[in-house]
Amino acid sequence: MRIDETAPRRKPEVAQMIVIHKALRREFRLLPEIVAGVPAGDRSRARRVAAHAELQLRFLHTHHDSEDRLIWPNLARRTEVTTDIVDVMQRQHHTVDELVTEVRPLIQRWGGQADVPTRDRIVALLVALHPVLQEHLDLEEREVLPLIREHLTVDEWTAAVKDAEKHLPKNPRSGLLLAGAVLEDGTDAERRWFLHELPGPARLMWRLVGRSLYRSHLRTVRGPASHS
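This text gives an overview of the structure that appears in the document. All of these numbers come straight from a predicted model, not from anything done at the bench.

In this section: the overall build of the protein. Summing up its helical and strand segments, the protein has 8 helices and 0 strands in all. Secondary structure elements in the protein, listed N-terminal to C-terminal, are α-α-α-α-α-α-α-α. Taken against the 2.2 N^0.38 rule, which gives 17 Å for 228 residues, the C-alpha radius of gyration of the protein at 18 Å falls within 12% of a compact globule. Reported as C-alpha extents along the three principal axes, the dimensions of the protein are approximately 55 × 40 × 25 Å. Classification of the 228 residues of the protein by burial places 48% in the buried group. Taking the intrachain contacts of the protein between residues at least 6 apart in sequence as the baseline, contacts between residues at least 24 apart amount to 78%. The averaged location of the 33 negative side-chain charges in the protein is 7 Å from the averaged location of its 35 positive side-chain charges.

Spelled out as structure tokens, the structure:
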């Protein structure tokens, strides 16, 4: 199944990547405020928010890692494609990775301590990360996705998508929460495509327990006004 059933099947459907980007944009826009809102010493809430932040950081890393290994090399090998934009993508990934590498151990520590200095350092790093990520995703959607559509094969595209899926967390709860994150802002067509791509057991789990689990998670992490 494709998001746009009228799109040519001999070309990668790069709109699928925009669906993932929507989730990343939202989560990393919200994360600084969510972390900042945890009161000093509230270890229970800090643990929940830290686990949420770690899951989103893992999601981001997995997405970028598959691009680094399977998308950029294939683009760079196409003689008709300039390597300049690939170099920019790789440099931006490196900048994002540096911030992620610095913030992850702080999040793990803060989840057990709920101390103010660590919390505030995490917030500062997440605030710094957001515009860097936004700039990268904007450029990728504007300049790179058209190149992927024209110069990568469907098999190469599919291999990168499947590779990213393979390296996501294996436990069912994390999988359902990530599915909820992707589905949250999706259009009807995007939701149909994403659910169709899930393995049958995962699709059934989403329908039986995933929706309620994700709503509960949003209330826990973002507050009672959150919804999916």
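So, about the environment of Leu99. Note that Leu99 resides in helix H3 (residues 84-113). Placed 27 residues apart in sequence, Leu99 and Leu126 show a C-alpha to C-alpha distance of 8.0 Å. For Leu99, the residues in contact, after removing those within four places along its chain, are Leu125, Ala128, Leu129 and Val132.

So, on to the side chain of Ser66. Turning to its location among the elements, Ser66 is positioned in helix H2 (residues 43-77). Setting aside anything within four residues of it in sequence, one finds Ser66 in contact with Ile71, Ala160, Asp163 and Ala164.

A separate point is H3. Look at H3: 44 Å from first C-alpha to last across 30 residues, which is about the 44 Å you get at 1.5 Å a residue. Backbone geometry just after H3 places Ala114 at a positive phi near 55 degrees.

Let's shift gears to the side chain of Asp163. Checked against the element boundaries, Asp163 lands in helix H5 (residues 154-166). Dropping the residues within four chain positions of it, Asp163 is found in contact with Ser66, Arg69 and Leu70.

The subject of this paragraph is unusual backbone geometry. At Ala114, a residue that is not glycine, the phi angle is positive and equals roughly 55 degrees. On the secondary structure map, Ala114 appears in the loop between H3 and helix H4 (116-151). With relative accessibility at 2%, the residue Ala114 sits in the buried group.

In the structure shown here, the tally under the stated rule is 20 salt bridges. Where Asp65 meets Arg69, a salt bridge forms, and the shortest distance between an N and an O atom there is 2.9 Å. Remark: Arg69 and Asp65 occur in helix H2; sequence separation between them is 4 residues, near one turn of the helix. Overall, Asp65 belongs to the partly exposed group, its relative accessible area being 25%. Judged by its relative accessible area of 38%, Arg69 falls in the partly exposed class.

For the rest of this paragraph, the subject is the nonpolar core. Phe28, Phe59, Trp110, Ile122 and Leu129 are the most contacted members of the largest nonpolar core, which totals 50 residues. Among the elements of the structure, helix H1 (15-36), H2, H3, H4, helix H6 (172-184), helix H7 (188-197) and helix H8 (200-222) are those that each provide at least two residues to this core. Core analysis: the second largest hydrophobic core is formed by 15 residues, Val86, Met89, Leu152 and Trp157 among them.

Take the packing of H1 against H8 next. Running from amino to carboxyl end, H1 crosses H8 at an angle of 40 degrees, the nearest separation of the two axes being 11 Å. Taken together, the axes of H1 and H8 are oblique relative to one another. Every residue of H8 that contacts H1 at Arg26, Glu27, Leu30 and Ile34 is listed here: Tyr214, Val221 and Arg222. For the contact of H1 with H8, a count of residues per class yields 4 nonpolar, no polar and 3 charged.

Cut-offs and rules
- Residues take numbers from 1 onward in each chain, read along the sequence in its written order.
- Restriction of local features to residues with pLDDT of at least 70 applies here, the model being predicted, together with a cutoff of 80 or more for giving and counting side-chain atom pairs; totals for whole chains, interfaces and linings are based on all residues.
- Computation of side-chain values covers all heavy atoms of the structure but excludes hydrogens and water.
- Each helix is a run of H or I in the DSSP string that is no shorter than four residues. Each strand is a run of E no shorter than two, and both are numbered from the N terminus.
- As a reference, a globule follows 2.2 Å times the number of residues to the power 0.38, and the radius of gyration itself is taken over C-alpha atoms.
- Three exposure classes are used, based on accessible area relative to the maximum for each residue type with a 1.4 Å probe and protein chains only: buried under 20%, partly exposed in between, and exposed over 50%.
- Contacts are residue-level and defined by heavy atoms, with any inter-residue pair within 4.5 Å sufficient.
- The positive count covers Lys and Arg only, the negative count covers Asp and Glu only, and His and the chain ends enter neither.
- To locate a charge, take atom NZ for lysine, CZ for arginine, CG for aspartate or CD for glutamate.
- Here the expected span of a helix is defined as 1.5 Å times the quantity of residues minus one.
- Just to be clear on terms, a salt bridge is a Lys or Arg side-chain nitrogen sitting within 4 Å of an Asp or Glu carboxyl oxygen.
- Joining through side-chain atoms within 4.5 Å is the link that ties buried Ala, Val, Leu, Ile, Met, Phe, Trp, Tyr and Cys residues into a set, and such a set is a nonpolar core.
- Lines are fitted to the C-alpha atoms to define the axes, a helix being fitted only along its stretch in contact, and any angle between axes, read from their N-to-C directions, falls within 0 to 180 degrees.
- Should an angle fall under 35 degrees it is called roughly parallel, over 145 degrees roughly antiparallel, and 65 to 115 degrees roughly perpendicular, with every other angle called oblique.
- When residues are grouped by polarity, Ala, Val, Leu, Ile, Met, Phe, Trp, Tyr, Cys and Pro land in nonpolar, Asp, Glu, Lys and Arg in charged, and all others, Gly among them, in polar.

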